[in-house]
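Here are the chains, one letter per residue:
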Amino acid sequence: MSSATTSSPTATARPGVRPGLGRIVLLILAVAALLYVPTLLTERAIFGHRLSNMQLLNLGLTQINLMLISMLGALSLNYLMGCAGLISIGHAAFYATGAMAAAVTGTQLGWPFPLVLVAAGVAGGVVGALAGLPSLRVRGLYFVLSTMAVHYMVTFGFLEYQFRVFDVVGIPFATPSLFGFELSTPTRWYFVLLALVVLTYWGLRNTLRSREGRAMLAMRDHERAAVAAGVDVRVLRIKAFGLSSAIAGVAGALYAYYLSNATAETFGINFAIQFIAMIIIGGMGSLAGAIIGAAVWLLLPSVIGGMASEIGPMPGLLGSLLTEHRAQFVQLIFGVLVIVLLIFAPGGLVGLAHRFKALFGRRSEG
Amino acid sequence: MEQHKGKLEIARRAALGLAVAAAVGYGVGSVKAQESPADGVTKDRIDWGLLMDMSGPTSASQSIWVAGFQDYMKKVNEGGGIFGRKVNVLAEDNRFNAATDKIAFEKLVGQTPVIAISGMGTSASQVALAPTIKAGKVPIVGTYTSTSALSEPVTPMVYNGFCGYKQMAQAGVGYLAEKTGAKAPKVVTVAIESAGGKEYHDYVAEAVGKLGGTAQLISVKVTAADITPQILELMAAKPDFITIYGVANTSILTMKALGQYGAKIPAFGITYLGAPQIFKAIGPEAGANYNFISCFTPGGADASAGNAEMSAYADKVGRGAMKEDINYVAGWVVGQMAAEALQRTGDNPTRAKLVETLSKGFTVDSKGLAAPFTYTPTNNTGPVVFKMFGYDYATNKFKAFGEYADYAKYTK
Amino acid sequence: MFQQVLFSGMALGSIYGLVALGFAVIFKATEVFNFAQGMFVVCGAYLAVTAIAILDLPFPVAVLFVLVMAALIGAVIQSTLIQPLAGRPILAVIMLTIAISIVLRAGIEIAYGPPARTLTTPMPSGGFAFMGLMISKLHLTAALVSWACVILFGLFFRYTSIGLLMRATADSHEAATISGIRVNTMNRLAWGIGFTLAAIGGVFLGQLQIVSTELESIGLLALPAVVIGGMQSIPGAVLGGLLVGVIEQLAAAYISPKASDVAIYVLLLAILMVRPWGLLGQRGINRV
């Protein structure tokens, strides 16, 4: 089984395993931990015992919330890339589309927040389906480049919209409220975002297990076979692109609302590239990988930065790196870590975990 | 077999959990000494925060500002600190990104608390954070750029620390109109397409309008490699003088191109564009027409006490090359401002006490690095008196045109 | 006005073409779509600053220094970082090149400090009038040197034995291995050449404006240039560079400077839809 898991699309898919008592306990513990996170990070103490900044890994709740929003993007991208075999640098564009739709419906028309999110999802999905059209004609690297072109077009549209309708400093977004529940504190945001991430994860997992999902996997692995089996590969591909972009659109609206101000610069090409980085770090093709990758990408720089400032005065070159060039030093370490990971862990962190598991499994059986 | 696997899984996770717990436990013992109190003030230390771009697209100027601030505080600490406390500068890198800024801001408010924050160089973040700052407890003492969203209406939580765009436009336009003798001057603003560019141009147009002249905005790309189309447009407009808003590259490309096309039109850049590298890159011929308007005096440009003190200290700590950069001076002056604020707050400062002291009004005397500037309960504009500077290529030094006092009339 | 804009676009495009050529050489040999090419341009500019402003070398020696160092760094990057990832999915390799540019940027900013650097060389500056056009001498030099490099490399690939070996290796690694060509050496050479061409572009861009890591985004215009011209085609890269330069300037002149990026990418999308293999590329190799 262990060799099959490595290529399976979702790390969690384990048919035949009955949830034992241990798993249930673990699940309850995990839920409890997730619910405790906002209290932990705002009070910065664990059951009354005060923790230092570094013991909390230099993390704050804002960072966790932004990470959750990124997870939505990473999940949808990994669904698209890993599971449908399409590669895209267009995610910043779909975030921007969602933010723009939110600006029109929310800021300009004053729609209620849930409707704004729906509008952002629809807008993201439509633009995504359009952006997926080149997949009818080109594949691989060429398709990546077509999504890059889409990126520049959408961000140009955003810029024009922002400059014409709003102030040059950006588009303002009011504090949203969800059925009377005002998202005015990071803690409230956290629970809403957490619910959305869990929902998205669960939804995407089920989609993958559905008939269409299996057809899509077939399409990824053996396109000709899928065609022979009567699956219309082209439609499926564009559907997948639309779904993925719709999720990114919602995430973009959430991002804009969370920051309360959005500019065209927010959604630059680096913003798009970070999602690719996340799924590569986590593990391409695995939803769990998307979660892990987003967490690493969003949290690691801050952890490194916190450590660098905690170490204190050091002599010589390292000292000057840690004080005068800390910002660059953090980037340097981060870049090197990504390179090391790419070279030594081809399947990302999830792949690495599977390799360890395989190693352990063989030993215990042998 | 599946059962077996499940148990193994639990065992592994338990082991992992124990390892993490052990690591955390180890941490509890070792770092407790560095615990930060709520307002960033301990027996022997005051934590002061900076929020600036130190590895992003504007880091070339913003990290020099950070260096200026840090160096002034080092000097204060060498002199015994403030009421016996050392000022510890926590400089957070926002990478010119609003999301990173929000994270860093939260960090400075709650995770590693500071008594006050300076800098805030990203205007988009200022806009995003403005409501939080105004309703919060941590004052922003000395901003690097001023947006109306943050500084208007006047609030006891925000004090501008850089030359304002409005006064830059007024002083620069007033001075060059007088110098060129142009009646009803025609002016072109060359600006990067950004938040501040249009705002600055509006101020220029207002100042030019008062003189009965006209102003035209020509936009350029931030990362352009050549701006020939815009320069042709500019030359066709036949302006009496030009003003430049943007990054170093904007000044360099504009002045170099004008030189290549043989146009000798006087130009002045905004304060941020006062760096020796810009003049060196433009070269002596075209550089003769280029000036910048500033409320700060670059290092070595005059012999005031403040300038001598700053230059000597910068040389001493090996930052001699930075002292001529206006961003370094601006950081240094905001350092003076921060020290003055802490000094006035007295022994045992807290955030609340600091805000209370500042809101009553105070004056920063930079000993000649800038004209003394005053904050009152109804005015937090900061430095408003300007001077034009050019570069003397023979001596490799900045030269000032006149005294600060001569320019007061333009910004009244 | 039009001719003037066209000339500046061609001059700029020649530099892009040079950088794009470097990109194409790397892509042809190792199939790596190199997002670090923009940072290679920055490296070239800083190498020139090192040679001229820091080491104070005489200009011809400085040029040699830049060329040799650039080639070395390119080869080292290939053998230490790129080679271990041979045969991996394109996305992983793209990410690797992005990570390389993150590391290079941080390294440069640590080594040279935050202020931008000025690059002054004995190359001609100023301008002269020619047939109603104002010609900037530096632009003209940049264009001429770029073309000289392009021609030189064209001859190198076509007529020298190493060039032939490189082409043979690029066409088929297996066939090359069978016929005893050391594929890794050839790939290293390709990266050295690719890096060097980017570096030369960087020296000019650094002089046209100022040397800072922000030059990266200009260098990255080589990407659309290569795709427009045809990724497997050396003359295509040069043509693509020229087109990108001209479109950039025309869009800035007649639409708005904001529109220059989007104009380039609209063309790129159109090319992808109509002729995915690029203007001068060969049909049938659009599956990567």
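Notes on the structure in this doc start here. If you're wondering where the values come from, they're calculated on a predicted model, not measured in any experiment. (Residues numbered from 1 in each chain as written. Chains lettered and ligands numbered in written order. Predicted model: local features only at pLDDT ≥ 70, side-chain atom pairs only at ≥ 80, totals over all residues. Heavy atoms only, no water.)

Things to note about the overall build of chain C
For chain C, the count of helices and strands is 12 helices and 2 strands. The linear arrangement of helices and strands in chain C, starting from the amino end, is α-α-α-α-β-β-α-α-α-α-α-α-α-α. Against the 2.2 N^0.38 benchmark of 19 Å for 288 residues, chain C shows a C-alpha radius of gyration of 19 Å, consistent with a compact globule. Looking at chain C residue by residue over its 288 residues, the buried ones come to 61%. (Helix = DSSP H or I, 4+ residues; strand = E, 2+ residues; numbered from the N terminus. Rg over C-alpha atoms; globule rule 2.2 N^0.38 Å. Buried < 20%, exposed > 50% of the residue type's maximum accessible area, 1.4 Å probe, protein only.)

Digging into the nonpolar core
Formed by 219 residues in total, the largest nonpolar core has its most connected members in A:Phe267 and C:Phe33. What A:Phe267 contacts, discounting residues up to four positions off in sequence, is A:Ala92, A:Tyr95, A:Ala96, A:Ala99, A:His151, A:Thr155, A:Phe158, A:Tyr255 and A:Ala262. The next biggest cluster of nonpolar side chains, apart from the first, holds 115 residues, and it includes A:Ala327, B:Leu342, B:Leu354 and B:Leu369. (Core = buried A, V, L, I, M, F, W, Y, C linked by side-chain atoms within 4.5 Å. Contact = heavy atoms within 4.5 Å.)

Remarks on helix α6 (residues 165-180) of chain B
Residues and elements named next belong to chain B. Taking 1.5 Å per residue as the helical rise, α6 with its 16 residues ought to reach 22 Å, and the 22 Å between its terminal C-alpha atoms agrees with that figure. Within α6, 12 of the 16 residues are buried, which leaves it mostly tucked inside the rest of the structure. Restricting attention to buried positions, one finds in α6 the residues Tyr165, Gln167, Met168, Ala169, Gln170, Ala171, Gly172, Val173, Gly174, Tyr175, Leu176 and Ala177. A positive phi of about 70° marks glycine 181, the residue just after α6. (Expected span 1.5 Å × (residues − 1).)

Some thoughts on the interface of chain C and chain A
In this assembly, 42 residues from chain C lie in contact with 39 residues from chain A. Taken together, both faces of the contact between chain C and chain A bury some 3800 Å²; the carbon and sulfur share is 83%. The tally of links between chain C and chain A comes to 1 salt bridge. A salt bridge links C:Lys258 to A:Glu160; its shortest N-O distance comes to 3.6 Å. Scanning the region where chain C abuts chain A turns up 4 residue pairs in polar contact (both at pLDDT 80 or more). Elements supplying a minimum of two residues to the side of chain C that touches chain A: α3 (59-82), α4 (90-112), α10 (222-229) and α12 (259-274) of chain C. Split into classes, the residues belonging to the side of chain C that touches chain A amount to 35 nonpolar, 3 polar and 4 charged. (Buried area = accessible area lost by both parts, 1.4 Å probe. Salt bridge = Lys/Arg side-chain N within 4 Å of Asp/Glu carboxyl O. Polar contact = N/O pair within 3.5 Å; in protein donor to acceptor, adjacent residues only side chain to side chain. Nonpolar A, V, L, I, M, F, W, Y, C, P; charged D, E, K, R; others polar.)

Considerations on unusual backbone geometry
Residues and elements named next belong to chain B. Residue glutamate 152 is joined to proline 153 through a cis peptide bond whose omega torsion reads -15°. As for its placement among the helices and strands, proline 153 is situated in the loop between α5 (148-151) and β5 (158-160). Located in the positive-phi region is asparagine 396, a residue other than glycine, with phi close to 55°. With respect to the secondary-structure elements, asparagine 396 resides in the loop between β13 (387-392) and β14 (397-401).

Description of the packing of aromatic side chains
Applying the stated rule across the entire model yields 57 aromatic pairs over all chains. Site record: aromatic cluster; members linked through ring pairs are B:Trp48, B:Trp65, B:Phe69, B:Tyr144, B:Phe162, B:Tyr165, B:Tyr200, B:Tyr245, B:Tyr272 and B:Phe296. Lying over the aromatic face of A:Tyr258, B:Lys102 brings its terminal NZ or CZ to 5.0 Å of the ring centre. Above the ring of B:Phe401, the side-chain terminus of B:Lys179 is found at 5.2 Å from the ring centroid. (Phe/Tyr/Trp six-rings, centres within 6.5 Å; stacked < 30°, edge-to-face > 60°. Lys NZ or Arg CZ within 6 Å of the ring centre and 35° of its normal.)

What about the side chain of A:Ser70?
All names here are of chain A. Within the fold, serine 70 resides in helix α3 (residues 61-84). Its relative accessible area of 7% is what places serine 70 among the buried residues. If we ignore the near neighbours within four places in the chain, the residues touching serine 70 are Tyr95, Phe275, Met278, Ala294 and Leu298.

Describing the interface of chain B and chain C
Contacts between the two partners involve 29 residues from chain B and, on the opposite side, 34 residues from chain C. For the pair chain B and chain C, the summed buried surface comes to about 2600 Å²; carbon and sulfur atoms form 58% of the total. Of all residues in chain B, B:Lys221, B:Ala225 and B:Gln260 bury the most surface against chain C, accounting for 22% of the area lost on that side. The tally of links from chain B across to chain C stands at 2 salt bridges. The salt bridge partner of C:Asp261 is B:Lys221, with a shortest N-O separation of 3.3 Å. Listing elements by their share of the side of chain B that touches chain C, those giving two or more residues are α2 (59-78), β7 (214-220), α8 (228-237), α9 (248-260) and α10 (276-282) of chain B. Looking at the side of chain B that touches chain C, the element that brings in the most residues is α9(B), giving 5 residues.

Description of the pairing of strand β8 (residues 241-245) of chain B
Residue and element names in this part refer to chain B. A large share of β8 lies buried, amounting to 5 of its 5 residues. Across 5 bridges, strand β6 (residues 186-192) lies against β8 in parallel orientation. Pairing of valine 188 across the sheet is with isoleucine 242, part of β8. Where β8 lies against strand β9 (residues 267-269), 3 bridges are found, and the strand directions are parallel. By the bridge assignment, isoleucine 242 is partnered in β9 with alanine 267. Taken together, β8, α9 and β9 form a β-α-β motif whose crossover is right-handed. (Pairing = 2+ DSSP bridges. Right-handed = clockwise from strand over helix to strand, strands pointing away.)

What to know about the sheet that holds β6(B)
Residue and element names in this part refer to chain B. Overall, mixed pairing links the 7 strands, which are arranged β7-β6-β8-β9-β10-β13-β14 in an open sheet. Of all strands in the sheet, those bounded by a partner on one side alone are β7 and β14. Recorded for the sheet is a direction-independent mean angle of 30° between the axes of neighbouring strands. Relative to β13, strand β10 (residues 290-294) runs antiparallel, the two being bridged by 3 bridges. From the neighbouring strand, phenylalanine 292 faces β13, where its bridge partner is phenylalanine 389. Against the sheet, α9 touches β6, β7, β8, β9 and β10, its axis set at about 150° to β8. (Axes fitted to C-alpha atoms, helices over the stretch in contact; angles between N-to-C directions.)

As for the state of the cysteines
Residues and elements named next belong to chain B. The final tally for this structure, using the stated rule, is 1 disulfide over all chains. With its sulfur 2.0 Å from that of its partner, cysteine 163 forms a disulfide with cysteine 295. Taking the sign of the torsion about the S-S bond as the criterion, the disulfide between cysteine 163 and cysteine 295, at about -80°, is left-handed. Placement of the pair is cysteine 163 in the loop between β5 and α6 and cysteine 295 in the loop between β10 and α12 (305-316), with a sequence separation of 132 residues. An identical accessibility class is assigned to cysteine 163 and cysteine 295; each is buried. (Disulfide = S-S within 2.5 Å.)

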